[in-house]
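# Structural description and commentary
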Amino acid sequence: MVFNSESSSVVVLAGGVGAARFLRGLALVHNPKATTALVNTGDDTVLHGLNISPDIDTVIYTLSEAIDQVRGWGLSNETWRAMESLKKYVDVRPDGSSAAPEWFNLGDQDLATHFYRTARRSEGADASQITTEIARAWKVAQRVVPMTNDDVATLVELAHDCQAGKAGEQISFQEYFVKYHHNVAVRAIYFKGAQTAKANCLEELKQAEVIVIAPSNPIVSIGPIRALNGMDNLLITNRDKVVAISPIVGGLALKGPADRMLTELGHESSALGVARLYAAIASTIIIDNVDAELKDAIEREGVRCIVTNTVMSDQKIAGELALTTLNSVSGKQK
Ligand code: FO1
């Protein structure tokens, strides 16, 4: 297969920040119009009465260069006047009311996106259509597609009695990630609705020349996509053209709770642990230079291993990683 950076189609399974950075690098070496981001929506939630799709918005804001680089979510040059005004209602809110959740911050400009998504959903528009409109509004050239148009919710089961609740109770992903700063131990993760949800892009994945598993959290960003009806089997069948990038570098996640989550769920928090999680669906994994000594162990798992710089501290590095990723499947990269 001769890889053509103009026309060969690339589909990227994406979560939030790491995936968004990778997609930005990919745009430097591959035609964005031949690039599809299939994005996790297990983080989606209704808060402040608004439909929120964090990973979709992080991908769109990043690709349109509007993301707040420090936070990794929301918009740069943001103001928080609405959240300030909301504080007065927290005092009058009845116990048990979910109104005015002050732990979940929505910036004033970011509100426009949630207003629009919520209004369009209330008119019956599906998630793909709404996402296409929002991506177009932000002049994003890539196709950004929610993993499904159906509702799927990632739920976190608590390992111990803690501030978030009792051992065995389930909390929503945003409560876990934001309200409790992912500082609570996890016993299990569930993707409510995934088994019956209709996966998007199955045809596109079959036709793609390269399928990339972005450097996102293998459990709660890539896991929900894999859990969709028919998705894992499709990836297994197309394993030769699937290449994953390890989000774990030197045993740690560059951002978020992936490392702790892996160990809490009985996996190894290392590039080798990630390779084991992906061995059934990815023929190749790309790991960072600091993990070079894991290459042989990974290849003994039956996964081809390429060692390079995977820490995308600038766009040039992200572009080089993207090129290495694409070449790894077209067989050029030794
Ligand atoms: N993350 C936080 O840590 N605190 C917040 O208040 C917060 C608000 C928020 C609003 C919109 C949005 O799209 C994302 C937001 N996030 C916030 C990040 C979000 O929880 C994460 O991006 C994903 O769910 C994890 O990848």
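Above this text sits the structure in question.
Below: a short report on this structure. (Residues numbered from 1 in each chain as written. Predicted model: local features only at pLDDT ≥ 70, side-chain atom pairs only at ≥ 80, totals over all residues. Heavy atoms only, no water.)

### Observations regarding the site of the ligand
Stated precisely, the cut-off is as follows: Summary of the distance rule: residues count as near a molecule or strand when at least one heavy atom falls within 4 Å of that molecule or strand. We call two N or O atoms a polar contact when they sit within 3.5 Å, provided that within protein one can donate a hydrogen and the other can accept it, with sequence-adjacent residues counted only if both atoms are side-chain atoms. Shrake-Rupley sampling with a 1.4 Å probe provides the accessible areas, and residues are treated as covered by the protein chains on show and by no other component. Note on definitions: the grid is 1 Å and covers protein atoms alone; a cavity is a set of points where a 1.4 Å probe fits but cannot get out; a pocket is an open set with protein on both sides within 12 Å along at least five of seven lines; lining residues have an atom within 4 Å of a point. Throughout, a molecule is located in a cavity or pocket provided that more than half of its atoms lie within 2 Å of its grid points. The numbering of helices and of strands both runs from the N terminus, where a helix is a DSSP run of H or I of at least 4 residues and a strand a run of E of at least 2. Think of it as three bins: nonpolar holds Ala, Val, Leu, Ile, Met, Phe, Trp, Tyr, Cys and Pro, charged holds Asp, Glu, Lys and Arg, and polar takes everything else, Gly as well.
In the vicinity of the ligand lie 13 residues, with Asp43, Asp55, Asn105, Gln174 and Val178 positioned nearest. Take Asp55: an N or O atom from its side chain is 3.2 Å from an oxygen atom of the ligand. Relative to its free-state accessible area of 530 Å², the ligand is covered by the protein chains to the extent of 87%. The cavity where the ligand resides is the largest pocket. Counting residues per element, the ones that place at least two in the shell around the ligand are helix H2 (54-63) and helix H6 (173-179). Considering each element in turn, the shell around the ligand owes the most residues, 4 residues, to H6. Looking at the shell around the ligand residue by residue, the classes come out as 8 nonpolar, 2 polar and 3 charged.

### Overview of helix H1 (residues 17-29)
Selection rule: To estimate how far a helix should extend, the number of its residues minus one is multiplied by 1.5 Å. Remark: exposure states derive from per-residue accessible area (1.4 Å probe, protein chains only) relative to the maximum for the residue type, with buried under 20%, exposed over 50%, and partly exposed in between. Pairs of residues are marked as contacts when any of their non-hydrogen atoms sit within 4.5 Å.
Relative to the 18 Å expected for 13 residues at 1.5 Å per residue, H1 spans 19 Å between its end C-alpha atoms, a close match to the ideal helical length. Listed in full, the buried residues belonging to H1 are Gly18, Ala19, Ala20, Phe22, Leu23, Arg24, Gly25 and Leu26. Considering only its buried residues, H1 is in contact with strand S1 (10-14), strand S2 (35-39), H2, strand S9 (210-213), strand S10 (242-245) and helix H13 (315-329).

### Some thoughts on the layout of surface pockets
Applied cut-off: Grid points are joined across faces, edges and corners, and a volume is the space filled by probe spheres set on the points.
Taken as a whole, the largest pocket spans an internal volume of roughly 1,000 Å³. What lines the largest pocket is a set of 47 residues, among which Gly16, Val17, Gly72, Phe177 and Lys255 lie closest to the centre. Breaking the lining of the largest pocket down by element, the ones donating at least two residues are H1, H2, helix H4 (108-122) and H6. Counting residues per element, the lining of the largest pocket draws most heavily on H2, which supplies 5 residues. Per-class residue counts for the lining of the largest pocket are 22 nonpolar, 18 polar and 7 charged. Its boundaries defined by the atoms lining it, the second largest pocket holds a volume of some 310 Å³. Surrounding the second largest pocket, 20 residues form its lining, Asp44, Asn51, Ser53, Arg121 and Asp151 being those nearest its centre. Contributions of two or more residues to the lining of the second largest pocket are made by strand S3 (45-47), strand S4 (50-52), H4 and helix H5 (127-137). Residue composition of the lining of the second largest pocket, by class: 8 nonpolar, 7 polar and 5 charged.

### Thoughts on the pairing of S9
The following threshold applies: Any two strands are treated as partners once DSSP identifies two or more bridges connecting them.
Where burial is concerned, the two faces of S9 agree: the one with Val210 and Val212 and the one with Ile211 and Ile213 are both buried. Sheet topology note: the S1/S9 ladder contains 4 bridges and is parallel. Bridging from a neighbouring strand, Val12 pairs with Val212 of S9. Direction of pairing for S9 relative to S10: parallel, over a ladder of 3 bridges. From the neighbouring strand, Val212 faces S10, where its bridge partner is Val243.

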